[in-house]
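# Chain and residue survey
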There are 2 protein chains.
Amino acid sequence: MEILKQRILAEGRNLGRGILKVDSFINHQVDPVLMHACAKELARRFRPLRASRVLTAEISGIAPALLTALELGVPIVYARKSKPITMPASVFLTTAPSHTKGVDVNLMVSPEYLSAGERVLIIDDFLATGHTIMGLVRLAQAAGSTVVGIGAVIEKTFEGGRDALKSLGVPIESLAVIVDMKGGKIVFQK
Amino acid sequence: MEILKQRILAEGRNLGRGILKVDSFINHQVDPVLMHACAKELARRFRPLRASRVLTAEISGIAPALLTALELGVPIVYARKSKPITMPASVFLTTAPSHTKGVDVNLMVSPEYLSAGERVLIIDDFLATGHTIMGLVRLAQAAGSTVVGIGAVIEKTFEGGRDALKSLGVPIESLAVIVDMKGGKIVFQK
């Protein structure tokens, strides 16, 4: 997606060690118009899969997942990292190592909103190591639902997430694919 | 907003002690079509104020704030509760007691995305005690920006938030105003 790549080149900051700062339009401040354009493109690519739920992880997955779900006309469920008092006693829980925090985080979904028979589309801001997305896959599988596709706004191929998810045999789509960030560069896939 | 009130009556759960569970359409699962309708109504009410930023707090403020910002065509900034590695060393930080967690939480905004001269519209899912929203007001003031309005999807008048915010002298709008939750009831303002 050309407007996304241009924005990454204009405002993204390569902080080293594979960390891409996009806080000015995705992760802290969000440009809702750009995010909506991204969501429309994700919805276009995934519409034929007839997902019945979009699943993401709080926090920064919410914006792209919400807008993709709006375009598809289905509910979004976001996995919680800590348990609010409104959550039932028993939930689906998995843990995933956080790329940017250096610790394992909990991912929890209430069985009220993820159940057998659902066709789940997973959407997140980044596909990097794939650890968070693999955690969401485990939650969907624990619920007996079927993951039908995986979408991300930005992918960093050099962190191996796509390879880790390949065995699921579902379509994986990213809107901006970065193949190299060494030496301060940001190089997109041709 | 009638469709919102009907949805609260149909799916909201009064858990006692003033806690309203709306996890099936606002806080864990989100109905993006309903949320978009709410955002359009918030945008309609606040459009004359010419906000240049929408400010909210992660996590459950993101959905209504993002869609309101989309309607208004301005960026949204969400205050972070923990500091990701992409955030600069020095940030605006305040603390606010969490209604549903029973502890004080941090609210942080990078000075990169909130600065003097901004006209800030604060949007959150709930207006209850007003503690979180007051925290966002302090962040906006620390940045030298001007809070021009405060909007919530659901207000619980009996927790006093509107009174706490009144001295700011800005418009406060809520789409469903609950005046009583005693004895398992959910009573809306006439």
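For clarity, every value in this text was computed on a predicted model and none was experimentally measured. (Residues numbered from 1 in each chain as written. Chains lettered and ligands numbered in written order. Predicted model: local features only at pLDDT ≥ 70, side-chain atom pairs only at ≥ 80, totals over all residues. Heavy atoms only, no water.)

## Here's the deal with the confidence of the model for chain A
Note the threshold: The quantity known as pLDDT measures the predictor's confidence residue by residue, on a range of 0 to 100.
With 99% of its residues at a pLDDT of 70 or more, chain A has an overall mean of 96. Scoring of the predicted complex yields 0.97 for pTM and 0.97 for ipTM.

## Overview of the interface of chain B and chain A
Spelled out, the test is: By the convention used here, residues are in contact when the closest approach between their heavy atoms is within 4.5 Å. Two parts placed together each lose some accessible area; with a 1.4 Å probe, that loss summed over both constitutes the buried area. Definition used for salt bridges: Asp or Glu carboxyl oxygen within 4 Å of a side-chain nitrogen of Lys or Arg. Whenever two N or O atoms come within 3.5 Å, that pair is a polar contact, provided that in protein one can donate a hydrogen and the other can accept it, and provided that, for residues adjacent in sequence, both atoms are side-chain atoms. The helix count covers DSSP runs of H or I at least four residues long, the strand count covers runs of E at least two residues long, and both are numbered beginning at the N terminus. Classification convention: Asp, Glu, Lys, Arg as charged; Ala, Val, Leu, Ile, Met, Phe, Trp, Tyr, Cys, Pro as nonpolar; all other residues, Gly among them, as polar. When DSSP locates at least two bridges between a pair of strands, those strands are taken to pair.
Contact residues are listed per partner, giving 43 residues for chain B and 43 residues for chain A. Overall, the association of chain B and chain A removes approximately 3,800 Å² of surface from exposure, summing both partners, and the carbon and sulfur fraction of that is 65%. Inspection of the chain B/chain A interface yields 2 salt bridges. Where chain B touches chain A, the interface holds 20 residue pairs in polar contact (both at pLDDT 80 or more). Residue contributions to the side of chain B that touches chain A peak at 6 residues, all from helix α4 (residues 62-72) of chain B. Among the residues making up the side of chain B that touches chain A, the classes are represented as 26 nonpolar, 10 polar and 7 charged. Sheet topology note: the strand β5 (residues 76-79) of chain A/strand β3 (residues 29-30) of chain B ladder contains 2 bridges and is antiparallel. Across the sheet, the residue bridging to Ile76 of chain A is Val30 of chain B, located in β3 of chain B.

## Overview of helix α3 (residues 32-46) of chain A
Put simply, the test is: Here a helix's expected span is defined as the number of its residues, less one, multiplied by 1.5 Å. Burial classification: accessible surface area is computed with a 1.4 Å probe over protein chains only, and a residue below 20% of its type maximum counts as buried, one above 50% as exposed, and the rest as partly exposed.
For α3 of chain A, built from 15 residues, the straight-helix expectation of 21 Å at 1.5 Å per residue is met to within 8% by its first-to-last C-alpha distance of 20 Å. Along α3 of chain A, the positions that sit buried rather than exposed are Pro32, Leu34, Met35, His36, Cys38, Ala39, Glu41, Leu42, Ala43 and Phe46 of chain A.

## Examining the packing of helix α1 (residues 2-11) of chain A against α3 of chain A
All names here are of chain A. Applicable threshold: Fitted lines through C-alpha atoms give the axes, limited to the stretch in contact for helices. The angle between two N-to-C directions lies from 0 to 180 degrees. In this scheme, roughly parallel covers angles under 35 degrees and roughly antiparallel covers those over 145, while 65 to 115 is roughly perpendicular and the rest are oblique. Handedness of a crossing follows from how the near helix is turned relative to the far one, being left-handed for an anticlockwise turn of less than a right angle and right-handed for a clockwise one.
Between α1 and α3, the shortest axis-to-axis distance is 10 Å and the interhelical angle comes to 140 degrees. Compared by their axis directions, α1 and α3 come out oblique. For the crossing formed where α1 meets α3, the hand is left-handed. Contacts from Ile3, Leu4 and Arg7 of α1 reach α3 at Leu34, Ala37 and Cys38. Along the lines of polarity and charge, the residues of the contact of α1 with α3 split into 5 nonpolar, no polar and 1 charged.

## A closer look at the pattern of salt bridges
Oppositely charged side chains may form a pair once their charged atoms are brought near each other. Summed over all chains, the structure comprises 26 salt bridges over all chains. Here Glu41 of chain A makes a salt bridge to Arg45 of chain A, at a shortest N to O gap of 2.7 Å. Of this pair, Glu41 of chain A and Arg45 of chain A are both found in helix α3, 4 residues apart, which corresponds to roughly one turn of the helix. Residue classification places Glu41 of chain A among the buried residues on the basis of a relative accessible area of 16%. In this structure, Asp31 of chain B and Arg7 of chain B form a salt bridge, with 2.8 Å as the shortest nitrogen-oxygen distance. With Asp31 of chain B in the loop between β3 and α3 (32-46) and Arg7 of chain B in helix α1 (residues 2-11), this pair connects stretches of sequence that are 24 residues apart. Here the salt bridges share partners, and the residues they tie into one network are Glu41, Arg44, Arg45 and Glu173 of chain A.

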